[in-house]
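If you want the building blocks of each chain, they are given just below.
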Amino acid sequence: MSTDNNLEVKLMKKSLGAKTLVYPTPVLVVCTYDNEGNPNAMTAAWGGICCSSPPCVAISLRKATYSYSNLMLKKAFTINIPSENYVKEADYFGIASRNKEDKFAKTGLSAVKSDIVDAPYIREFPVNLECKVIQIIELGLHTQFIGEVMDAKIDETIQEKVDQPIIEQIKPLIFAPDSRNYYAVGNQIAQAFSIGNEIKGKMF
């Protein structure tokens, strides 16, 4: 590419400063128990897979949240992935506080005690990951909790391909941080680790 073309590309960019613009972010409902054994759920978008072996996920929470105290106490949590049908409940879990109301009583959803970790999972959500905290990292406004996945559960009605759930049946929510909007998953457009071979195999 020529120098003039490089200049043209640079002029097309606009700086927004230091912002956490990653598209999309997941909609993860984190469930914990408090010191009296009461279940709590909160929605978190700052999270995702962080290691393959051992299988680990990471979530980042503010110290002001009820769930932060529960995580520090129990060192366990579950990640629950809501389907599109539960967008209202997922949003409610993110805007309500357990200090003021019982979120499970309010939504009518079921908190099921995990047999593996000291945390509940949501029966009605199609995917549940049961995790034990193996590392805590203080980052700034948020604290990151890294959890090793001890078990993954899916609804029996969801079909699988090579022990992997089919995303079209899960219908997970995704979140755009800048606009604060929820979106549904779109159509499959390509096969990962495959379509790139079309470029890899080009002759120059």
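Below you will find a few notes about this structure. (Residues numbered from 1 in each chain as written. Predicted model: local features only at pLDDT ≥ 70, side-chain atom pairs only at ≥ 80, totals over all residues. Heavy atoms only, no water.)

1. Digging into the pairing of strand 6 (residues 76–81)
Here comes step 1: Within strand 6, 5 of the 6 residues are buried, leaving the element largely enclosed by the surrounding structure.
Here comes step 2: The sheet contact formed by strand 2 (residues 28–33) and strand 6 spans 3 bridges and is antiparallel. Bridge pairing in strand 6 links Val29 to Asn80.
Here comes step 3: Pairing analysis gives 6 bridges linking strand 6 to strand 9 (residues 127–138), with the strands arranged antiparallel. Among the inter-strand pairings, Thr78 is bridged to a residue of strand 9, identified as Glu130. (Buried < 20%, exposed > 50% of the residue type's maximum accessible area, 1.4 Å probe, protein only. Helix = DSSP H or I, 4+ residues; strand = E, 2+ residues; numbered from the N terminus. Pairing = 2+ DSSP bridges.)

2. Observations concerning the sheet that holds strand 14 (residues 181–184)
Paired through backbone hydrogen bonds, the strands of a sheet run either parallel or antiparallel to each other.
Here comes step 1: If you walk across this open sheet you meet the 3 strands as 1-13-14, and the pairing is antiparallel. What marks the edges here is a single partner per strand, and that holds for strand 1 (25–26) and strand 14.
Here comes step 2: Sheet topology places strand 13 (residues 173–176) next to strand 14; 4 bridges connect them, and they run antiparallel. In the strand pairing of strand 14, Phe175 is matched with Tyr182.

3. Considering the sheet that holds strand 2
Here comes step 1: The antiparallel open sheet is built from 7 strands, whose spatial order is 3-2-6-9-10-5-4. Only two strands of the sheet have a single neighbouring strand rather than two, namely strand 3 (39–44) and strand 4 (47–51). Pairs of neighbouring strands in the sheet enclose a mean axial angle of 35°, with direction left out of account. (Axes fitted to C-alpha atoms, helices over the stretch in contact; angles between N-to-C directions.)

4. Description of the pairing of strand 10 (residues 142–154)
Here comes step 1: Summarising the sheet, strand 5 (residues 56–62) and strand 10 pair through 7 bridges and their orientation is antiparallel. Across the sheet, the residue bridging to Leu61 is Thr143, located in strand 10.
Here comes step 2: The pairing of strand 9 with strand 10 spans 11 bridges and is antiparallel. If you follow Lys132 over to strand 10, its bridge partner there is Glu148.
Here comes step 3: Between the antiparallel neighbours strand 9 and strand 10 lie 3 residues, among them Gly140 with a positive phi of about 155°.

5. A word on helix 3 (residues 87–95)
Here comes step 1: The set of residues buried in helix 3 consists of Glu89, Ala90, Tyr92 and Phe93. Projected down its long axis, helix 3 shows its buried positions confined to an angular sector of 160°, all on one face. Of the residues in helix 3, the exposed ones pointing more than 90 degrees away from the buried face are Lys88 and Ile95.
Here comes step 2: Buried-residue contacts for helix 3 involve strand 2, strand 3, helix 4 (103–107), strand 8 (120–122) and strand 13. (Arc of directions from axis to C-beta. Contact = heavy atoms within 4.5 Å.)

6. So, unusual backbone geometry
Here comes step 1: Residue Pro24 follows Tyr23 across a cis peptide bond; omega there is -20°.
Here comes step 2: Here the bond from Ser53 into Pro54 is cis, since omega is 0°, no more than 30 degrees from zero.
Here comes step 3: With respect to the element layout, Pro54 can be found in the loop between strand 4 and strand 5.
Here comes step 4: Look at Phe193: it is not a glycine, yet its phi comes out positive at around 60°.
Here comes step 5: As for its placement among the helices and strands, Phe193 is situated in the loop between strand 14 and helix 6 (197–200).

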